[in-house]
Amino acid sequence: MRKLAYPGLLAATFLLGLTAGWLPFGQQIDSDAYDFFFRLYRPAPWTPESIILAADEASFQAFGGLFKLRNAMAVGLNRIRAVHPRALALDIILMEKSDDPAGDAALEDAFQRTSNLVLPSFLSEDGARWDDPLPRFRQWATAIGEVHATPDKRDAINRDIPLQEVAARERRWALALEAFRVSRRAPITEFPDSLHVGSTVVPSPLPGRMMRVRYSVTGIPRVSLKQLADKPSLAERFRGKVVFAGVTAQAMGDRWMTPLSNSVNVPGIEIHANAYETIAHQLFLTDAPKLWVVLVCLAFVASAGLTFALLDGWPANVAAAGILVVAHVLPYVFFKHNIVFPYTPGAACAWLAIVTAAAWRHIVVRRKLGQSETARSQYREAMQFVTHEMKTPLTAIQGSSELISRYAMTDEKRKQMADMINAESKRLAQMIETFLNVERLSAGQMQLKRESFSPLEIVARCIDRVRPVADRKSIAIQMEALPQGALIGDRELMEYAFYNLLTNAVKYSPPKTTVTVSGERQKDRVRVSVADQGIGIDAKDTRRIFEKFYRTKTAEQSGEKGTGIGLSIVEQIVIQHGGSISVDSEVGKGSRFTVSLPSLQ
Ligand code: ADP
C-alpha cells in the first residue's frame, strides 16, 4: 500500500497539473505567456508583400469626412492603378447607398477598372446572414472575403482569425485568404487539417479553421489617402503589392488589440494585412498536439518523482531546479520553432510534482530516521543488558578464584568454589553461545543437526526448567495432551526455542495465572502452543516482536528485564526447521504463541 502511495500521489499531481491547463485561469496564463513570447522573440524580418492604403484622420479631414470616404477611396485607387498592385482588398462598408451619389459612382467606376479586387462581407450582428456589398460594387469584385473579427473572449486580444465563416449556409473565406488566393491565381483546396492554395499549405484544422496571425514586429508599410494625394509618386510603393485598403482613423472603430499592440488598438485592416503576411510567408504558429503536452507533462512528473526517489540533498535540489527551468523555458523553445506549447500544464505539473515529491521525501526521511534511532537505542539497551548479565557470572568466577588462591580453606570448601567456577563459566559460555547463535542463525551460517526427538519430551523438560521461576510467581503450568511421535531436527535448538516461549509466558504474566502448553497433529504438521494470561501484545506489535531487539512498550513498563533477542532466535530456529510461528494476543488478556513444524509421521 505504502509502495503505491508515492506513484499515486504523483499521478494525482499529473492530473491536477493537466486540469490547471484546462481551467480559464490556466488558459489566460497560456495566452499571456503567448503574448510575452511574441514580444520576446523576433523572427528574421521579411519583406512585406502587402501595403496598407489608409483612410486616417488626416485623410478624412482632407477629403471631407466619412461622408466623402467612397470618393476619397476612388481617388486613391485611381492613383495606384498604374503601378499594377497584385490584388486589392478593401475593408469598408459598402452594403448601402451613401449620401454622396457622386462618390458611389466614382467608387464603382474605380472598381470597374481595378483588377483582382476583393470586397468585404460582414457577418450580421446576430450571425445569421452575410451583409454583402451592393450589387453595383460587388459585380466588379473578383472575390468576396469575410472580415469577422474574433478577439479572445477573456481579454479582447486578437490572436487568431477564422479562415472561414458560415452564415445562412453560405461559407465565406477570410478576406486575407481570398486576397492571397486572388494574388496567387490558385484555387483553395480543403483538407480536414489544412487549406491548400497553390503550393502553400495553410494549417487550419476544422471545425473552426482558426489561424494564428503572426503580427509583424516592424509593421506593415502604410500610405494614407492624403499622403498619396499630396505626393502622387508614393504610388510607386504599391507596385506589385497586395493592397489592403481601409479605415485606420481611431474615431471610426474597427480597432483591436494584438499580442504586440501593448493594449493599443490596431485597425482591422492591419490585422487582415498581417494575416495575409502570415499566409504569404508561411509564418504559421501551430498548436502542439495534445498528446505531446500530455507526454511532456508526464515526463516532468516522472522525472520529479525519480529525482526525489533516487537523489538526496543538493543533487536532488539541483535536478528539481533543472526540471523547473525546462518546464518554464520549453514553451518558449517551442515558440521559436513556431509551435505553441501551452505554458500552464507543464509548469503546473512540474511545480506540483516537485513540491509533492520533496514533501514526501521529507516525511519518509524523517520516519526512517526515527526508526533507525529507535533501533539504535534498543540495540544499545540490549547491549547494556547483555554485558551486565555477563558480568554477574564473571564476578562470581573472579571472586571465587581469588578466594581459592589467597586463603587456605578446607577441601570441601575448595571443591564448592571450584564447582561454582565451573557452573558459572558454563553459564557464561552458554550465554555467549546463544548470542553467537543468533548471528549465525540469521546469517544462515549455522548447520542444523538432524536428529529425531519427541516434542513431548522436549516440552516436558522445558517446563521442569521453568517451574522454579513460575512457582515464585505462583503461576501454574499446565501441559495438555501433546502428540506422540518424533520430529527431525536440532533438539538442543528446539528446546531452546520452547524454553524461551515458556520463560516469556511466565515473565510477562502476573502472579496466580496459568500458562498452558498444548499441541495437536494436523496432517503432516505438528502444532505446539504456549498460552498465557499475561499482559498481552498490541496488534501492531505482533509482527515486530520477532525483530531483533524489539520490545513492546507494555513489556518495558512491566519492569521485566529483557534483550528483545529471544523471539528473533525462536523464529529463526523454527524457520530453519521448515516451520512457522504465529501469535494471537489481546492486551491485558494474554497471548498464545503457536509453533507449527513439519513432522515425519
Ligand atoms: P525479551 O523478552 O528479552 O524482551 P523476546 O525476544 O523474548 O525478548 O520478546 C520480545 C518481546 O515480545 C518482549 O519484549 C515482549 O514485549 C514481547 N513478548 C514476548 N512474549 C510475550 C508474552 N508471552 N506476553 C507478552 N509479551 C510478550
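Residues numbered from 1 in each chain as written. Predicted model: local features only at pLDDT ≥ 70, side-chain atom pairs only at ≥ 80, totals over all residues. Heavy atoms only, no water.

1. Details of helix α4 (residues 69–80)
Rules: Working definition: helices are DSSP H or I runs of at least four residues, strands are E runs of at least two. Numbering for both runs from the N terminus. For a helix, the expected span equals 1.5 Å multiplied by the residue count minus one. Accessible area is worked out with a 1.4 Å probe on protein chains only. A residue is then buried under 20% of its type maximum, exposed over 50%, and partly exposed in between.
Taking 1.5 Å as the rise per residue, α4 with twelve residues should run 16 Å; its terminal C-alpha atoms sit 17 Å apart, in good agreement. Every buried residue of α4 is accounted for by L69, R70, A72, M73, A74, G76, L77 and I80.

2. Points about the site of the ligand
We count it as follows: Residues are counted as near a molecule or strand when any one of their heavy atoms sits within 4 Å of it. To be clear on the numbers: accessible area is Shrake-Rupley with a 1.4 Å probe, and residue cover counts the displayed protein chains and nothing else. Using a grid of 1 Å spacing that covers the protein atoms alone, one calls a set of points a cavity when a 1.4 Å probe fits there but cannot get out, and a pocket when the set is open and has protein on both sides within 12 Å along at least five of seven lines; lining residues are those with an atom within 4 Å of a point. Any molecule with more than half of its atoms within 2 Å of a cavity's or pocket's grid points is regarded as sitting in that cavity or pocket.
Not every one of the 21 residues close to the ligand is listed here, only the nearest: N504, Y508, R551, T552 and L567. In isolation the ligand has 530 Å² of accessible area, and contact with the protein removes 98% of it. Of the pockets mapped on this structure, the ligand occupies the largest pocket. Of all the elements in the fold, those that place two or more residues in the shell around the ligand are α15 (491–507), α17 (566–576) and β25 (590–598). At three residues, the largest contribution of residues to the shell around the ligand is made by α15.

3. Some thoughts on the side chain of D35
Quick note on the threshold: The contact definition used throughout considers only heavy atoms, calling two residues in contact when any of these lie within 4.5 Å.
Structurally, D35 can be placed in helix α2 (residues 24–40). Non-local contacts of D35, meaning those with residues more than four positions away in its chain, are made with I157, R159 and P259.

4. Overview of the environment of S115
Position of S115 relative to the elements: it lies in the loop between α5 (101–112) and β3 (117–123). Here S115 falls in the exposed class, since its relative accessible area comes to 52%. Expressed as a C-alpha distance, the spacing of S115 and A141, which sit 26 residues apart in the sequence, is 8.2 Å.

5. Focus: the layout of surface pockets
The criterion, for reference: Grid points are joined across faces, edges and corners, and a volume is the space filled by probe spheres set on the points. Residues are sorted three ways: Asp, Glu, Lys and Arg are charged, Ala, Val, Leu, Ile, Met, Phe, Trp, Tyr, Cys and Pro are nonpolar, and all the rest, Gly among them, are polar. How far each domain reaches was decided by an automatic or database domain assignment.
What the largest pocket holds in volume is close to 1,500 Å³. Residue lining of the largest pocket: 50 residues in total, with Y496, Y499, N500, T503 and K507 positioned closest to the centre. Those elements that place two or more of their residues in the lining of the largest pocket are α12 (343–406), α13 (411–443), α14 (455–472), α15, α17 and β25. The element that contributes the greatest number of residues to the lining of the largest pocket is α15, accounting for twelve residues. Its residues assigned to classes, the lining of the largest pocket comprises 21 nonpolar, 14 polar and 15 charged. Formed jointly, the lining of the largest pocket draws a minimum of three residues from each of two domains, domain 3 (381–442) and domain 4 (451–598). Considering only enclosed or pocket space, the second largest pocket measures out at about 1,200 Å³ in volume. In terms of lining, the second largest pocket is formed by 43 residues, of which the most central are R212, D287, K290, V340 and P342. Per-element accounting of the lining of the second largest pocket gives the leading share, six residues, to α2. Tallied by class, residues from the lining of the second largest pocket come to 26 nonpolar, seven polar and ten charged.

6. Quick notes on the packing of α2 against helix α11 (residues 313–336)
Packed helix pairs are characterised by how far apart their axes lie and by the angle those axes make with each other. Heads up, the rule is: Note on method: axes are straight lines fitted to C-alpha atoms, helices fitted across the in-contact stretch only, with angles between N-to-C directions ranging 0 to 180 degrees. Here roughly perpendicular refers to angles of 65 to 115 degrees, roughly parallel to angles under 35, roughly antiparallel to angles over 145, and oblique to all remaining angles. For any pair of crossing helices, the crossing counts as left-handed if the nearer helix is rotated counterclockwise from the farther one by less than a right angle, and right-handed if it is rotated clockwise.
Two elements in contact, α2 and α11, have axes separated by 10 Å at closest approach and are oriented at 55°. For the element pair α2 / α11, the angle class is oblique. In this structure, α2 crosses over α11, and the sense of that crossing is right-handed. Listed contacts from α11 to Y34, F37, F38 and L40 of α2 are P331, Y332 and F335. By residue class, the composition of the contact of α2 with α11 is seven nonpolar, no polar and no charged.

7. Describing the confidence of the model for the protein chain
Which entries qualify depends on this criterion: The quantity called pLDDT is the predictor's confidence in a given residue, expressed from 0 to 100.
Here the protein chain averages 88 in pLDDT, while 96% of its residues score no lower than 70. Mean pLDDT across the elements of the protein chain ranges from a minimum in strand β15 (residues 255–256), with 74, to a maximum in strand β24 (residues 580–586), with 95.

8. A look at the packing of aromatic side chains
Stated formally: Pairing of aromatic rings covers Phe, Tyr and the six-membered ring of Trp, with a centre-to-centre limit of 6.5 Å; geometry is then stacked below 30 degrees between planes, edge-to-face above 60, and tilted otherwise.
Tallied over the entire structure, the rule returns 16 aromatic pairs. Taking 6.3 Å as the distance between ring centres and 65° as the angle between the ring planes, the aromatic pair formed by F37 and Y343 counts as edge-to-face. Of this pair, F37 sits in helix α2 while Y343 sits in helix α12, placing them 306 residues apart in sequence. The class of F37 is buried, set by a relative accessible area of 7%. For the pair F38 and Y215, a centre-to-centre distance of 6.3 Å together with 55° between the ring planes defines the contact as tilted. Highlighted residues: F38 in helix α2 and Y215 in the loop between β12 (210–212) and β13 (222–224), separated in sequence by 177 residues. According to the relative accessible area criterion, F38 is buried, its value standing at 3%. Feature note: the residues Y34, F36, F37, F38, Y41, Y215, Y332, F335 and Y343 constitute an aromatic cluster, connected by ring pairs.

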